[in-house]
Amino acid sequence: MASAAAATAAAASIRERQTVALKRMLNFNVPHIKNSTGEPVWKVLIYDRFGQDIISPLLSVKELRDMGITLHLLLHSDRDPIPDVPAVYFVMPTEENIDRMCQDLRNQLYESYYLNFISAISRSKLEDIANAALAASAVTQVAKVFDQYLNFITLEDDMFVLCNQNKELVSYRAINRPDITDTEMETVMDTIVDSLFCFFVTLGAVPIIRCSRGTAAEMVAVKLDKKLRENLRDARNSLFTGDTLGAGQFSFQRPLLVLVDRNIDLATPLHHTWTYQALVHDVLDFHLNRVNLEESSGVENSPAGARPKRKSKKSYDLTPVDKFWQKHKGSPFPEVAESVQQELESYRAQEDEVKRLKSIMGLEGEDEGAISMLSDNTAKLTSAVSSLPELLEKKRLIDLHTNVATAVLEHIKARKLDVYFEYEEKIMSKTTLDKSLLDIISDPDAGTPEDKMRLFLIYYISTQQAPSEADLEQYKKALTDAGCNLNPLQYIKQWKAFTKMASAPASYGSTTTKPMGLLSRVMNTGSQFVMEGVKNLVLKQQNLPVTRILDNLMEMKSNPETDDYRYFDPKMLRGNDSSVPRNKNPFQEAIVFVVGGGNYIEYQNLVDYIKGKQGKHILYGCSELFNATQFIKQLSQLGQK
């Protein structure tokens, strides 16, 4: 029985569930049936930026069209009336959105209105809409009003982030500002809890919650427990009853939600990384599964001397449909470069085969040999022609990854990111260092000022013994000479002094990289990736602090690090504040949520960890997804105070 449950759990990922919910909404809130013949009902989709961010990683324009969406428009854009078409709205229940919807009703823009709110709408705002509908005598046209509880963004089968639009509201900086008032903090926490609540409604499960004490994560846990509890008590309107739960992912066992605070590990978000997806996020412009590249197309040979050509911007979607991405997003970069090369070679071989068949087909009929070749080649040609669309798609993916990987490689080579990665891994794992930190900071060829700052901060965060004042001055001088902004260090210094009182620094396990000699094979096969001078570092699996905490709580291991984590069970009638778990069995399903921002390095580390656990599933979520550049910026703002 349990194994069947595990199998279905894997099948219905959060990504799938949110996609199904969106399709149901676009189908006027009746379940969407795949094989129903006949045309879909044509309709218009009106969303705000929040709705756009939720839909775009999950549904392509083509999928929207298949659902009958002919136009998709932003709510606050100038829209022409289309009086004979129904409109599906998907927006946040904010004042300005509701004013605009009322205006649409008054202007009689559409035939009928299906209003869907991303997050629950309040009673008073509903009344505003009702009044507007009455005033515009459009009551009959407002067909349905729904709370969708979809206020979160799913990026992978096992990864979600709260929001993209107003992420500075729930950012690390917002939570850790020294001058934040209690009411502001309440607002931040409510925003996070609202999204997490939506997440569990969509998941169809009530979690058991564990969190660290005395952190923002604890505030989120208390509020989320209260919100889930209130919803479960209100039996008539509970969102966790009946059909949604039975069909839910976790019909036998409830998931564990581990809420951790970003402050337990500030080194990882600053770390230079070595896996494909995390590198793309670190060095390129990558958000909501889309990467934007600037491609400079060589130098123009104009008589007036060489002018660099205009840079063209290209964007690529890196989606779960992309087999190569799915397979390699967690691989070390040199492996990715090699795989792209192999894919390219196999594609060329297939292409040559098609060309060869074409040329044979073009032969004259008189030739006896050709005729006999024709008969067995017809079958071959048929299969070649039928594989063309597949071949073209393959070519598109190869081109995409060639471009993306080349862009990443340029950064690695220009900034010596392999050196940084290896050195930071040694710092974080307390191995002996082969060259001095000062040398790297002072080396003008090694990386940008920001790279140097990241390296130094990791060193500063990870050392047991903070450097002496004299040493610190020397480092500061070197950093300033290298053009670094020292604000982030100011903040980390205060942070470290504060956490020193609270707890010991997180440890990062043992050494992780084994240099394997340079990539000789890729060099010799005339690869387009010139990897000379880039170290081929192989990763050893080792758990980052977030993964380690999850492992303790999921497997019910006793560990001083997590023993005093609070335990909440929203289904228990009386909330008891204890850190003694009632459930003694290990969990099959867990959600790790980082309050204060997450990154692809941690996500990848969790994915690698769970691979070794049969039939278990993990989801990674965070209040915002930032790369090191964005995180440094927040630290810098905190340090300016």
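Worth saying up front: this structure is predicted, and the values here are computed from it rather than measured.

Draft legend 1. Spatial organisation of the overall build of the chain. Helices and strands together make up the secondary structure of the chain, namely 24 helices and 19 strands. Counted over contacts in the chain with a minimum sequence separation of 6, partners at least 24 positions apart contribute 79%. If you sum the accessible surface of the chain, you get close to 29,900 Å²; carbon and sulfur atoms cover 54% of it.

Draft legend 2. Fine view of the packing of aromatic side chains. This structure, assessed with the given rule, holds 24 aromatic pairs. Note on F456 and Y460: the rings are 6.2 Å apart at their centroids and 40 degrees apart in plane angle, and the pair reads as tilted. Residue F456 and its partner Y460 are located together in helix α18 (residues 449-462), separated by four residues, close to a single helical turn. Both residues of the pair, F456 and Y460, belong to the buried class.

Draft legend 3. Region of interest: the sheet that holds strand β7 (residues 159-161). Spatial ordering of the open sheet is given by β6-β7-β19-β18-β9-β8-β17, a layout of seven strands whose pairing is mixed. Of all the strands in the sheet, just β6 (153-156) and β17 (566-568) have a single pairing partner and so form its edges. Across the sheet, the axes of successive neighbouring strands diverge by a mean angle of 20 degrees, strand direction being ignored. Strand direction decides the pairing type here: β6 and β7, joined by three bridges, are antiparallel. When the bridges of β7 are listed, E156 appears paired with M159. Seen against the sheet, helix α23 (residues 600-611) touches β6, β7, β18 (589-595) and β19 (617-622) and runs at an angle of roughly 170 degrees to β19.

Draft legend 4. Representation of helix α15 (residues 388-415) in the model. Taking 1.5 Å per residue as the helical rise, α15 with its 28 residues ought to reach 40 Å, and the 40 Å between its terminal C-alpha atoms agrees with that figure. Positive backbone phi, approximately 55 degrees, marks K416, located one or two places after α15.

Draft legend 5. Spatial organisation of the sheet that holds strand β5 (residues 142-147). With parallel pairing, the five strands of this open sheet are ordered in space as β2-β1-β3-β4-β5. Of all strands in the sheet, those with a lone pairing partner are β2 (69-74) and β5, marking the two edges. Between one strand axis and the next, the sheet turns by 20 degrees as a mean value, whatever way the strands run. Contacts from helix α2 (residues 14-26) reach β1 (43-47), β2, β3 (82-91) and β4 (110-117), with the element oriented near 155 degrees to β3.

Draft legend 6. Broad picture of the pairing of β18. Among the seven residues that make up β18, seven are buried, leaving the element largely enclosed by the rest of the structure. On β18, burial covers both faces: E589, I591, F593 and V595 on one face and A590, V592 and V594 on the other are all buried. Of the strand pairs in this sheet, strand β9 (residues 256-261) and β18 are connected by six bridges, and their pairing is parallel. Residue pairing for β18: V258 is matched across the bridge by V592. Looking at chain direction, β18 and β19 are connected through six bridges and run parallel.

Draft legend 7. Quick look at the pattern of salt bridges. All told, the structure shown has 28 salt bridges when counted by the stated rule. The salt bridge involving E218 is made with R566; its shortest N-O contact spans 2.7 Å. Of this pair, E218 sits in helix α9 (residues 216-233) while R566 sits in strand β17, and the two are 348 residues apart along the sequence. The exposure class of E218 is buried, given its relative accessible area of 15%. Among the ionic contacts, a cluster of salt bridges with common partners joins D282, R415, D451 and R454.

Draft legend 8. Spotlight on the packing of helix α11 (residues 276-283) against α15. Two elements in contact, α11 and α15, have axes separated by 10 Å at closest approach and are oriented at 70 degrees. On the basis of the axis angle, α11 is roughly perpendicular to α15. Between α11 and α15 lies a crossing of left-handed hand. Of α15, the residues touching α11 (which contributes Y276, L279, V280 and V283) are H401, V404, A405, V408, H411, I412 and R415. In terms of residue class, the contact of α11 with α15 is made up of eight nonpolar, two polar and one charged.

Draft legend 9. Spotlight on the side chain of D104. Considering the arrangement of structural elements, one finds D104 in helix α5 (residues 95-106). Owing to a relative accessible area of 2%, D104 belongs among the buried residues under this scheme.

Draft legend 10. Structural context of unusual backbone geometry. Residues other than glycine seldom take positive phi values, yet F28 does so here, at roughly 60 degrees. Within the secondary structure, F28 sits in the loop between α2 and β1. The phi dihedral of S137 falls on the positive side, at around 40 degrees, and the residue is not glycine. For S137, a relative accessible area of 58% puts it in the exposed group.

Draft legend 11. Fine view of the packing of α18 against helix α19 (residues 469-481). Running from N to C, α18 and α19 cross one another at 165 degrees; their axes reach a closest spacing of 11 Å. In terms of their interaxial angle, α18 and α19 are classed as roughly antiparallel. Here α18 runs over α19; the crossing is left-handed. Note on element contacts: α19 touches α18 through L472, Y475 and L479, opposite K452, M453, F456, Y459 and Y460. For the contact of α18 with α19, the class distribution of residues is seven nonpolar, no polar and one charged.

Draft legend 12. Here's a closer look at a negative patch on the surface. Residues E95, E96, D99 and D128 make up a contiguous surface patch of negative charge. It is α5 that contributes the most residues to the negative patch, three residues altogether. In this fold, D99 is placed in helix α5.

Draft legend 13. Looking closely at the confidence of the model for the chain. The share of residues in the chain with pLDDT of 70 or more is 81%, and the mean pLDDT across the chain is 82. Segment residues 1-11 is flagged for pLDDT under 50; beyond a separation of four residues in sequence, or across chains, it makes nine contacts in the model. A low-confidence stretch, residues 243-251 (pLDDT under 50), is modelled with 20 contacts involving residues beyond four sequence positions or located in other chains.

Draft legend 14. Representation of the environment of P586. Within the element layout of this structure, P586 appears in the loop between β17 and β18. Considered as a pair, P586 and N552 are 34 residues apart in the sequence and their alpha carbons are 9.6 Å apart. Once residues within four sequence positions are removed from consideration, P586 is found in contact with Q253, M554, E555, M556 and K616.

Analysis parameters
- Residues numbered from 1 in each chain as written.
- Predicted model: local features only at pLDDT ≥ 70, side-chain atom pairs only at ≥ 80, totals over all residues.
- Heavy atoms only, no water.
- Helix = DSSP H or I, 4+ residues; strand = E, 2+ residues; numbered from the N terminus.
- Contact = heavy atoms within 4.5 Å.
- Areas by Shrake-Rupley, 256 points an atom, 1.4 Å probe, with all protein chains shown as cover.
- Phe/Tyr/Trp six-rings, centres within 6.5 Å; stacked < 30°, edge-to-face > 60°.
- Buried < 20%, exposed > 50% of the residue type's maximum accessible area, 1.4 Å probe, protein only.
- Pairing = 2+ DSSP bridges.
- Axes fitted to C-alpha atoms, helices over the stretch in contact; angles between N-to-C directions.
- Expected span 1.5 Å × (residues − 1).
- Salt bridge = Lys/Arg side-chain N within 4 Å of Asp/Glu carboxyl O.
- Parallel < 35°, antiparallel > 145°, perpendicular 65-115°, else oblique.
- Left-handed = near helix turned anticlockwise from the far one by under 90°.
- Nonpolar A, V, L, I, M, F, W, Y, C, P; charged D, E, K, R; others polar.
- Patch = residues over 30% accessible without salt bridge, like charges linked within 9 Å, V, L, I, M, F, W, Y side chains within 5 Å.
- Lys, Arg positive; Asp, Glu negative; His and termini not counted.
- Charge placed at Lys NZ, Arg CZ, Asp CG, Glu CD.
- pLDDT = per-residue confidence, 0-100.

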